[in-house]
Amino acid sequence: MAIERTLVVIKPDGKKRKLTGLAIDRLDQSNLEMVAAKVVKVDRELAEQHYAALKGKPFFENLVKFFLGEFHGFKTCRLLALIYEGENAVAEVRRIVGATNPEEADPHSIRGSFGKINPKNGIMENVIHASGNTEDAKREIALWFGEGNIES
Ligand code: CMP
């Protein structure tokens, strides 16, 4: 099996609801190693680049605003970004994190346990981001950490 790296970001809803430690605890129950951690000040450019593949979707603007913390009262949005490494890291983290839609996510997963769809605006508040595949993981790690900025 391949040794992979994957990106995790605690989203503004997870930060606001104080779920950071819990999410790390769940991820710690895997055999993966946390190889980098960084608090990143998220600006519109980073949010738009992070979600570049979804540009053109009707929910894109709300997704960007959500990531900027605008729905959770953060004037400056600093989010914790983590890199996990190990066998099958992308799929393993996705398994622990759960499906995108919290209502469809395994109830044992982070999103299944703590995510919700906001009844006021229909936005998925799914607590945590995890790269969807190895290509996305490489791109996202470079975006959030910069090339060559991770301890080897
Ligand atoms: P995430 O897995 O972080 O990355 C893509 C995000 O887009 C996803 O979380 C959801 O928040 C959002 N998303 C994906 N599909 C939809 C959808 N059909 N409607 C609204 N938001 C979506």
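Let me sum up the structure you'll find in this document. (Residues numbered from 1 in each chain as written. Predicted model: local features only at pLDDT ≥ 70, side-chain atom pairs only at ≥ 80, totals over all residues. Heavy atoms only, no water.)

In the region of the ligand, the neighbouring residues are Lys11, Tyr51, Leu54, Phe59, Leu63, Thr100, Arg111, Met124, Asn126 and His129. A distance of 2.7 Å separates an oxygen atom of the ligand from a polar side-chain atom of Lys11. Protein chains shield 73% of the accessible area of the ligand, which is 460 Å² for the free molecule. (Near = heavy atom within 4 Å. Polar contact = N/O pair within 3.5 Å; in protein donor to acceptor, adjacent residues only side chain to side chain. Areas by Shrake-Rupley, 256 points an atom, 1.4 Å probe, with all protein chains shown as cover.)

Across its twelve residues, helix α7 (residues 134-145) extends 16 Å between first and last C-alpha, which sits within 8% of the 16 Å expected from 1.5 Å per residue. Where α7 is concerned, the buried positions are Ala137, Glu140, Ile141, Trp144 and Phe145. Taken around the axis of α7, the buried residues stretch over an arc of 105°, which confines them to a single face. For α7, the exposed residues lying more than 90 degrees away from the buried face are Glu135 and Lys138. N-cap assignment for α7: the residue whose side-chain oxygen lies 3.1 Å from the backbone N of Glu135 is Asn133. Two residues or fewer after α7 comes Gly146, characterised by a positive phi angle close to 80°. (Helix = DSSP H or I, 4+ residues; strand = E, 2+ residues; numbered from the N terminus. Expected span 1.5 Å × (residues − 1). Buried < 20%, exposed > 50% of the residue type's maximum accessible area, 1.4 Å probe, protein only. Arc of directions from axis to C-beta.)

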